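One-letter residues, chain by chain:
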Amino acid sequence: PAPHRIVSRARRRRLAMAMAMRTMNSSPPRPPLRMRMKAPRRHLSSPLHCFARGAPGARGRGSPGFARSTKPMVKSRRSSAVTAASASGVAETLAHVVGVCVVTGACVRSLPQILRIHKSRSAKGLSLGSFTWESIGLTLVLAYNVSREYPLSTYAECIALVIQDVIVACQIFYFRHGFAKSATPFALSAVGGVAMCATLFWWLPAQPFGAQALLSLNAVAGLIVNGSRLPQIVMNLKRGNTGELSWVTQALNVCGSIARIFTTLTLTQDILNLALQVTGLLLNGTLLAQCYRTIQMRRSGELVDDDVDAVVEEPKLA
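Here we summarise the structure given alongside this text. (Residues numbered from 1 in each chain as written. Predicted model: local features only at pLDDT ≥ 70, side-chain atom pairs only at ≥ 80, totals over all residues. Heavy atoms only, no water.)

Points about the pattern of salt bridges
1) Next: This structure, assessed with the given rule, holds seven salt bridges.
2) Next: Across the salt bridge formed by R109 and E134, the nearest N and O atoms sit 3.2 Å from each other. Taken together, the positions of R109 in the loop between helix 3 (71–106) and helix 4 (111–120) and E134 in helix 5 (residues 128–148) put the pair 25 residues apart, joining distant regions of the chain. Each of the two residues, R109 as well as E134, counts as buried.
3) Next: If you follow the salt bridges from partner to partner, you end up with R109, E134, D165 and R229 in one network. (Salt bridge = Lys/Arg side-chain N within 4 Å of Asp/Glu carboxyl O. Helix = DSSP H or I, 4+ residues; strand = E, 2+ residues; numbered from the N terminus. Buried < 20%, exposed > 50% of the residue type's maximum accessible area, 1.4 Å probe, protein only.)

Okay, structure coming up:
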């Protein structure tokens, strides 16, 4: 053969081994187990990282020495974060739904009380100051929440409650003093209400001190709203019964307070509003208990002549 065709035996052996390697696998052979057991040490930002599962250079069975990838741990953290976010989203959605239910219930909260007064043509046992102070306090609460731009579902019931409190207050004044003596107080109350709303919703927020003033007024409003229950509670104690006070309205008040505690914790986390809602729950629960006691007295016959209303001086809110 030609000189350039002559191939030594060693050369043919090397060519055969190379062809075999190409046909079997193009990737290089894996290193021995002993070499794979030793993971290269890398710089750690903190000594505590060496105890993390799968951290480079960590020691221990299962994760450190084998220098496993940190992808499973990152995936676990990511999945837990997604789970927490989804749970928070569900809680916020539920809070909005509860808020809408509260607003819907607030629209008919005082309707049983209004119908009861209209049917009996009497407002005995009802405190005029209680409903008047509550309407003023709820107006202040409404102005504060509007200025803070809280979700509408967290305070929209204040609008319906103020309207219903004004109607009940007008009924009490009308059935106690007649139309002739009620016209002038009604007109003065309307003018004062318009002036107060213009001050709280338009003039005060435009002032430099408006935000701080509304915050202070909200604290005062909470005391007014919760304190407005006290004249009614004291009158019930002096009379020995609740008179024409509707237990349905008081039950709706209790349910509304519980729902508002939940929505405040979930949506706004406002400590001041939360404290006021808890206090309101205690006072509304007291009125509901008094209504229940009156119902039991009527069923047992202890309260026979309830139509004869004793003259009881209405307590005034200081």
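Anyway, onward from the coordinates.
A closer look at helix 8 (residues 229–239)
Helical geometry note: an α-helix holds 3.6 residues per turn, so side chains three or four residues apart project in the same direction.
1) Next: Those residues of helix 8 not exposed but buried are R229, P231, Q232, I233, M235, N236 and R239.
2) Next: Buried residues belonging to helix 8 abut helix 5, helix 7 (210–227), helix 9 (247–268) and helix 10 (271–300).
3) Next: Residue G240 follows helix 8 closely and has a positive phi angle near 90 degrees. (Contact = heavy atoms within 4.5 Å.)

Some details on the side chain of T263
1) Next: Mapped onto the elements of the fold, T263 is located in helix 9.
2) Next: The exposure class of T263 is buried, given its relative accessible area of 1%.

Quick word on the packing of aromatic side chains
1) Next: In the structure shown here, the tally under the stated rule is five aromatic pairs.
2) Next: When the ring of Y174 is compared with that of F175, the centres are 5.2 Å apart and the planes differ by 70 degrees; the resulting orientation is edge-to-face. (Phe/Tyr/Trp six-rings, centres within 6.5 Å; stacked < 30°, edge-to-face > 60°.)

Keep in mind that these numbers describe shape and distance, not what the molecule does.
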